[in-house]
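Observations on the model geometry
Residues per chain, in single letters:
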Amino acid sequence: MEYTTLGKTGATVSRIGYGGAAAGLKNYLHTFDPTDGDDRKHVFESIEAALQGGINYFDTAPGYGNGESEEILGSALQGVTESGSHPLFIATKANYKTRGKLRESVELSLKRLRRDRIQLLQIHGDSYTAEQADNILMDGGMAEEMLQLKQEGLVEHIGFSSEDNNDSVYRFIRSGMFDMMQICYNFIFQHGYEPSRPFGSLLEADKAEMGIVTMRTPTSGTFQRWIQTVNPKNTFDYTPALIQFVLSNPYVDVALMGMRDKSIVQKNIAICEDKAGRISLEALHERYV
C-alpha cells in the first residue's frame, strides 16, 4: 500500500480510503440493505480485506443510513488500532444542522464507532451558502464548537466536506481553522484543479498545508453510464484508469472509494500499487507542442 502524510495533521494515511457511504446507504449505486445479514457480512469481509491490504483511512458519517455506516464500521473495527504498521485514521462528520448540539452528535458517533476519540471530524456538506459559511465561521459558530472538541481531545483534527467549489469553500480554506478538506474531484468533475492556469481549491488547500481527501473517485458511475450510452457493448473497463487519474494528482492525499465487496477492495488496492498507471496531468492538459 502507498502512504502519504495528510497535510498539517502529520498523520500517515493510505492513498486510497474506505468510503463508508456505500456501507450505510440503502441501494446506493447497487441493490443493498445495511440491515440485511448477508449484505452486512459482505461489508465486514470488505473491511477485513481493506485492513489486510493496508488501508488505514476509513471515512463515514451519521447521515450514511441514519448511523448504519458508523455502526457497521464500529463493529468491524472494534479493538483494531492499526492497519499493518500504521494507526487507524477514522473520519466522521456532523451535519450543519447539528450546530449548537455538536457535542451530542459527536458523542453519538463515538458510541456507534466504539471509540473514545475520532481522528477527524468534518462538517458534512454538499454546497454551503454564504449565510451558512457566515454562521460556521462567526465567533461562537460551528467551527469554534469543533475547535473546542479538538481542544478537549474528543477529536484530533477538524475539517469540512463539500461537493462544490464555490466561494464558501475558499473562505473555509482561508480561515485557517480547518486541518483538512474533503472535496469532489474525478475525471468528470475537475473543477477543483486546473493545471494549465493553474487554479482551484486543491491548490489553495495545499498552500494552507491542509490535508486533501477526494470523493467520487470513479465518478459514482456517471462516466460509466455515459460510456454505456456511446458504446453499448461496453468493451473496456475504465475503472482502473479513473482511479489512476485521481491518484496522479499531486495534491490528492487520499482518494475515497465505496467498496462493500471484498473483491473490489482487492482490485482497488492492486490499482493503487500499480504506480506505472499514473500519468502527468500537466502533460495531459498541454494544448501546444
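Up top is the structure.
Criteria and cut-off values
Residues numbered from 1 in each chain as written. Predicted model: local features only at pLDDT ≥ 70, side-chain atom pairs only at ≥ 80, totals over all residues. Heavy atoms only, no water. Phe/Tyr/Trp six-rings, centres within 6.5 Å; stacked < 30°, edge-to-face > 60°. Helix = DSSP H or I, 4+ residues; strand = E, 2+ residues; numbered from the N terminus. Buried < 20%, exposed > 50% of the residue type's maximum accessible area, 1.4 Å probe, protein only. Axes fitted to C-alpha atoms, helices over the stretch in contact; angles between N-to-C directions. Parallel < 35°, antiparallel > 145°, perpendicular 65-115°, else oblique. Left-handed = near helix turned anticlockwise from the far one by under 90°. Contact = heavy atoms within 4.5 Å. Nonpolar A, V, L, I, M, F, W, Y, C, P; charged D, E, K, R; others polar. Pairing = 2+ DSSP bridges. Right-handed = clockwise from strand over helix to strand, strands pointing away. Patch = residues over 30% accessible without salt bridge, like charges linked within 9 Å, V, L, I, M, F, W, Y side chains within 5 Å. Areas by Shrake-Rupley, 256 points an atom, 1.4 Å probe, with all protein chains shown as cover. Salt bridge = Lys/Arg side-chain N within 4 Å of Asp/Glu carboxyl O.

This part takes up the packing of aromatic side chains. On inspection of all chains with the given rule, the structure shows 13 aromatic pairs. Taken together, a centroid distance of 5.2 Å and an interplanar angle of 15° make the contact between Tyr57 and Phe89 stacked. Highlighted residues: Tyr57 in strand β4 (residues 57-59) and Phe89 in strand β7 (residues 89-95), separated in sequence by 32 residues. Taking the relative accessible area as the measure of exposure, Tyr57 reaches 0% and is therefore buried. In this structure Phe89 comes out as buried when scored by relative accessible area, which is 4%. Each ring, one from Phe187 and one from Phe245, has its centre 5.3 Å from the other, and the planes form 85°; the classification is edge-to-face. Of this pair, Phe187 sits in the loop between β10 (180-184) and α8 (201-207) while Phe245 is found in helix α10 (residues 239-247), placing the two residues 58 residues apart along the sequence. Using a relative accessible area of 35% as the deciding quantity, one classes Phe187 as partly exposed. Owing to a relative accessible area of 4%, Phe245 belongs among the buried residues under this scheme.

Moving on, we get to the packing of helix α5 (residues 130-137) against helix α7 (residues 167-175). Direction vectors running N to C along α5 and α7 enclose 20°, while the axes themselves pass 9 Å from each other. Taken as axis vectors, α5 and α7 run roughly parallel relative to one another. The hand of the α5/α7 crossing is right-handed. Counted together, Ala130, Ala133, Asp134, Ile136 and Leu137 of α5 and Ser168, Arg171, Phe172 and Ser175 of α7 form the full contact between these two elements. When the residues that make up the contact of α5 with α7 are grouped by side-chain class, the tally is five nonpolar, two polar and two charged.

What follows covers the side chain of Ser69. Examined against the element boundaries, Ser69 turns out to sit in helix α3 (residues 68-76). Those residues in contact with Ser69 that sit more than four places away from it in its chain are Gly20, Ala23, Gly24, Thr60, Ala61 and Tyr64.

Attention shifts here to the pairing of strand β9 (residues 155-162). With respect to burial, β9 is a largely interior element, seven of its eight residues being buried. As judged from the five bridges shared by strand β8 (residues 118-124) and β9, these two strands associate in the parallel manner. Bridge pairing links Leu120 to His157 in β9. The pairing of β9 with β10 spans four bridges and is classified as parallel.

This paragraph deals with the pairing of strand β11 (residues 211-215). Most of β11 sits out of view: five of its five residues are buried. Following the backbone out of β10, through α8 and into the adjacent parallel β11, one traces a crossover that is right-handed.

Ordered in space as β3-β4-β7-β8-β9-β10-β11-β12, the eight strands form a closed barrel in which the pairing is parallel. The mean inter-strand angle of the sheet, taken between neighbouring strand axes irrespective of direction, is 30°. Note: strand β3 (residues 16-19) against β4, two bridges, orientation parallel. Paired with Gly19 across the two strands is Asp59, which belongs to β4. Here α7 sits on the sheet and contacts β9 and β10; the angle it forms with β9, its principal contact strand, is near 155°.

Looking now at a nonpolar patch on the surface. On the surface, a nonpolar cluster with roughly 230 Å² of combined accessible area is contributed by Phe187, Ile188 and Phe189. Within the element layout of this structure, Ile188 appears in the loop between β10 and α8. The class of Ile188 is partly exposed, set by a relative accessible area of 35%.

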